[in-house]
Amino acid sequence: MSSVPQATSLRRAPVQRRSAERLTRILDACADLLDEVGYDGLSTRAVAERAGVPIGSVYRFFGNKRQMADALAQRNLERYSERVTERLKGARRGDWRAAMDAVLDEYLAMKQTAPGFSLVDFGNQIPVGARHAEPNHRVADRLTDLLSDYLVREPDDDLRRTFLIAVETADTLVQLAFRVDPEGDPKVIDEARELLRAYLARTLD
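Residue indices follow the written sequence of each chain, beginning from 1 at its first position. Only residues with pLDDT of 70 or above have their local features reported here, since the model is predicted, and side-chain atom pairs are shown and tallied only from 80 upward, although totals for entire chains, interfaces and linings are computed over all residues. Each side-chain value is worked out from all heavy atoms of the structure, with water and hydrogens disregarded.

### Focus: the environment of T85
Just so we agree on the cut-off: Think of it this way: any DSSP run of H or I at least four residues long counts as a helix, any run of E at least two long counts as a strand, and we number them from the N terminus. Residue burial is assigned from relative accessible area. The probe radius is 1.4 Å, only protein chains are included, and a residue is buried under 20% of its type maximum, exposed over 50%, and partly exposed in between.
By the element assignment, T85 lies in helix α4 (residues 65-87). Residue classification places T85 among the partly exposed positions, given a relative accessible area of 35%. Sequence separation between T85 and A99 is 14 residues; the distance between their C-alpha atoms is 9.3 Å.

### Considering unusual backbone geometry
The phi torsion of most residues other than glycine is negative, and most of the peptide bonds are trans. If you check the backbone angles, D121 has positive phi at about 25° while not being a glycine. Within the secondary structure, D121 is located in the loop between α6 (117-120) and α7 (133-147). Accessibility expressed as a relative area gives 0% for D121, which makes it buried. Phi at V152 takes a positive value of approximately 55°, unusual for a residue other than glycine. Checked against the element boundaries, V152 lands in the loop between α7 and α8 (157-180).

### Examining the side chain of E106
To keep it simple, the criterion reads: We call two residues in contact whenever any of their non-hydrogen atoms come within 4.5 Å of each other.
Structurally, the position occupied by E106 is in helix α5 (residues 96-113). Beyond its immediate chain neighbours, meaning those up to four positions away, E106 contacts Y80, R83, V84, R87 and D101.

### A short note on the packing of aromatic side chains
Short version of the rule: Within 6.5 Å between ring centres, the rings of Phe, Tyr and Trp (the latter by its six-membered ring) count as paired, and their orientation is classed by plane angle as stacked under 30 degrees, edge-to-face over 60, tilted in between.
Scanning the entire structure with this criterion turns up 6 aromatic pairs. Consider the rings of Y80 and F122, whose centres lie 5.1 Å apart with planes at 45°: the pair is tilted. Residue Y80 is found in helix α4, and its partner F122 is found in the loop between α6 and α7; the two are separated by 42 residues along the sequence. Take Y80 and F122: they sit in the same class, and that class is buried. Centroid distance Y107 to F122: 5.8 Å. Interplanar angle 45°. Geometry classified as tilted. Taken together, the residues Y107 in helix α5 and F122 in the loop between α6 and α7 connect sequence positions 15 residues apart.

### Notes on the nonpolar core
How we decide: For the purposes of this section, nonpolar cores are sets of buried Ala, Val, Leu, Ile, Met, Phe, Trp, Tyr and Cys residues that join through side-chain atoms within 4.5 Å.
Ranked by size, the top nonpolar core spans 37 residues in total, and within it Y80, L143 and L147 carry the most contacts. Elements that contribute at least two residues to this core include exactly α4, α5, α7, α8 and α9 (186-204). Discounting residues that sit within four places of it in the chain, L147 has contacts with V84, L88, A99, V103 and F163. Core analysis: the second largest hydrophobic core is formed by 23 residues, V47, V53, F61 and A71 among them.

### Description of the packing of helix α1 (residues 17-41) against helix α2 (residues 44-51)
How we decide: All axes here are fitted lines through C-alpha atoms, helices being fitted over the stretch that makes contact, and every angle between N-to-C directions spans 0 to 180 degrees. Two helices crossing with the near one rotated counterclockwise from the far one by less than a right angle form a left-handed crossing, whereas a clockwise rotation gives a right-handed crossing. Each residue is assigned to one class: nonpolar for Ala, Val, Leu, Ile, Met, Phe, Trp, Tyr, Cys and Pro, charged for Asp, Glu, Lys and Arg, and polar for all the others, Gly among them.
Where α1 contacts α2, the axes come no closer than 8 Å and their chain directions differ by 115°. The chirality of how α1 crosses α2 is right-handed. When α1 is examined against α2, the residues R25, I26, A29, C30, D32, L33 and E36 are found in contact with a partner set consisting of A46, V47, R50 and A51. Looking at side-chain class alone, the contact of α1 with α2 contains 7 nonpolar, no polar and 4 charged residues.

From the geometry alone we can't say anything about function, so treat these as descriptive.
Structural data, given as structure tokens:
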């Protein structure tokens, strides 16, 4: 599983294995501290101390905590993509319902178990509480590229728009589920799943 985010989020991309391992420790420490102290309480110095690295090692990769959280969000998206891909290895090609379940279930699993994920997920909540359009566009584009071959569909604008609407809808309803219940209200999640199936059936059946 990849543990290094895309180089575009970093001041300097790791070249050697030791450098990549240090970056992984920094992001792991960032994720743990987000759960413990929140985004406002996060600092580059605290991350360095938790990761067991000099503060200069943090600044080698990141100029501030916002860049660090952005990199964590990118890593989350990479890991999420890998989980969805692995989940679909045993599924029947073309089965969009299995694909939708994988997409939703793996997101819920990361939201419930991945350190720091509830605060930054794929970038939607930086700063905390803000929900911007760009990360959902990024997720929809990634899912289009990831699933088009599996679904035997062209990754065209129509499919991207369909996935974007589905992602925006799922995002809103999952946030509602976790506002109702910190563990994710199962009834709201079931309703979200049914709504998504009804919407996607119009295009994918």
